[in-house]
Amino acid sequence: MKIKYNASKIKQSETSDKLKKVSRNIRNRRSVFANEFIKKEIPDKLLEEILINATWAPNHKMTEPWRFIVFKGKYLKEYGEYMAKYYTNFYSELSPEDQKEKLRYLANYPLNAACLIGVIMVRNTKINLPEWEEIAAVSSAVQNIALTCTAHKIGNYWSTKGVAIDYVAQFDLAENEKSLGLLYLGYHPEDLKSSKKKRTHLSKKVIYLE
Ligand SMILES: Cc1cc2nc3c(=O)[nH]c(=O)nc-3n(C[C@H](O)[C@H](O)[C@H](O)COP(=O)(O)O)c2cc1C
């Protein structure tokens, strides 16, 4: 169906001082990668709050199609070693020295995080929802984690590379479960330079039909 709309109707405020707390938190949420993290534990109570908020995500027919594995301590080391092994052949065109350096970087990378959270989608076996609805619900849970972290000045990002998916998949997943990768969580310096990534103007993303 061909539709007519008026793009000039859409104005986008850039005046961040006028943003309310919730908007500021949403717009301040940025992926912060583990090489920016500092050595600081996330208190257990706070981690619990982050995970509880995850479970308050909207979900169709209350299937609550998520499950999480918190990886800490020796598992960070284990994942680093897993990554280095996973990528052993990936850098074969580099000199042995450079290859060694890349693999060392990968092995140490997860050690920067306070914890990793494995994200698992749990398909409901009785209520047959389309998979995309379950993924959408899990993604909402992940966003709740990200926003709670931002409010507490905890950096975080979602890693969905094959290595992250495959690592989580090893932890006794049932037939109706699927690994959706890993979240990295960790504190960062207060003065961390904010990401330069911009968002496309609303006029290119929204139309109003009245
Ligand atoms: C479903 C999903 C998967 C992602 N997977 C990765 C990933 O594997 N590696 C990565 O570096 N970033 C990943 N990201 C983070 C994106 O790179 C990041 O959100 C995007 O660049 C926008 O930046 P911002 O989060 O700072 O706004 C993922 C984000 C989403 C929503």
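Just above sits the structure.
Residues numbered from 1 in each chain as written. Predicted model: local features only at pLDDT ≥ 70, side-chain atom pairs only at ≥ 80, totals over all residues.

Colleague: Is there a simple way to think about the overall build of the protein chain in this case?
Modeller: For the protein chain, the count of helices and strands is six helices and four strands. The order of α-helices and β-strands along the protein chain, N terminus first, is α-α-β-α-α-β-α-β-α-β. Along the three orthogonal principal directions, the C-alpha set of the protein chain runs to about 60 × 50 × 40 Å. Look at the contacts in the protein chain between residues 6 or more apart in sequence, and 81% of them connect residues 24 or more apart. (Helix = DSSP H or I, 4+ residues; strand = E, 2+ residues; numbered from the N terminus. Contact = placed C-beta atoms within 7 Å.)

Colleague: What is the right way to look at the packing of helix α1 (residues 21–28) against helix α5 (residues 131–151) in this model?
Modeller: Two measures define how a pair of helices packs: the angle their axes make with one another and the distance between the axes. Orientation of α1 relative to α5, taken along the N-to-C sense of each, is 105°, at an axis distance of 9 Å. Between α1 and α5, the angle is such that the two are roughly perpendicular. The segment α1 lies against α5, with N25, I26 and N28 engaging L147, T150 and A151. In the contact of α1 with α5, the residues fall into three nonpolar, three polar and no charged. (Axes fitted to C-alpha atoms, helices over the stretch in contact; angles between N-to-C directions. Parallel < 35°, antiparallel > 145°, perpendicular 65-115°, else oblique. Nonpolar A, V, L, I, M, F, W, Y, C, P; charged D, E, K, R; others polar.)

Colleague: Teacher, can you tell me more about the packing of helix α2 (residues 44–55) against α5 here?
Modeller: As a packed pair, α2 and α5 sit with axes 7 Å apart at the nearest point and diverge in direction by 145°. The handedness of the crossing between α2 and α5 is right-handed. Residues E49, I50, N53, A54 and T55 of α2 pack against A141, N144, I145, T148 and C149 of α5. Along the lines of polarity and charge, the residues of the contact of α2 with α5 split into five nonpolar, four polar and one charged. (Left-handed = near helix turned anticlockwise from the far one by under 90°.)

Colleague: What is the right way to look at the sheet that holds strand β3 (residues 154–159) in this model?
Modeller: The pairing of strands in a sheet comes from backbone hydrogen bonds and takes either a parallel or an antiparallel form. In spatial order, the strands read β1-β2-β4-β3; together these four strands make up an open sheet with antiparallel pairing. Every interior strand has two partners, whereas the edge strands, β1 (66–71) and β3, have only one. Averaged over all pairs of adjacent strands, the angle between strand axes in this sheet comes to 25°, irrespective of strand direction. Note that β1 and strand β2 (residues 115–122) share six bridges and pair antiparallel. Bridged to F68 within β2 is V119. (Pairing = 2+ DSSP bridges.)

Colleague: Whenever I open this one, the environment of K74 confuses me. Can you help?
Modeller: When you line up the elements, K74 lands in helix α3 (residues 74–86). With 8 C-beta atoms counted inside 10 Å, the residue K74 sits in the exposed group. C-alpha of K74 to C-alpha of N128: the two residues are 54 residues apart in sequence and 38 Å apart in space. (Buried ≥ 20, exposed ≤ 12 C-beta atoms within 10 Å, placed from the backbone.)

Colleague: Got a minute to help me understand the pairing of strand β4 (residues 177–187) in this structure?
Modeller: Both faces of the sheet carry side chains from a regular strand, because those side chains alternate between them. For β4, the buried fraction is high: ten of the eleven residues fall into the buried class. Two strands pair when backbone bridges link them, and β2 and β4 are joined in this way by seven bridges, in the antiparallel orientation. Looking across to β4, one finds that G118 is bridged to L182. Sheet topology places β3 next to β4; six bridges connect them, and they run antiparallel. From the neighbouring strand, N156 faces β4, where its bridge partner is L185.

Colleague: Which parts of the structure should I look at to understand the site of the ligand?
Modeller: The local shell around the ligand consists of R30, S31, Y157, W158, S159, T160, K161, S195 and K197. The class makeup of the residues in the shell around the ligand is two nonpolar, four polar and three charged. (Near = placed C-beta within 6 Å.)

Colleague: Please explain unusual backbone geometry as it appears in this structure.
Modeller: A negative phi holds for most residues other than glycine; trans holds for most peptide bonds. Non-glycine residue K61 carries a positive phi angle of around 60°. With respect to the helices and strands, K61 occurs in the loop between α2 and β1. By C-beta crowding, K61 is classed as partly exposed, having 13 other C-beta atoms within 10 Å. In this structure, K153 takes a positive phi of about 60° despite not being glycine. Locating K153 in the fold gives a position in the loop between α5 and β3.

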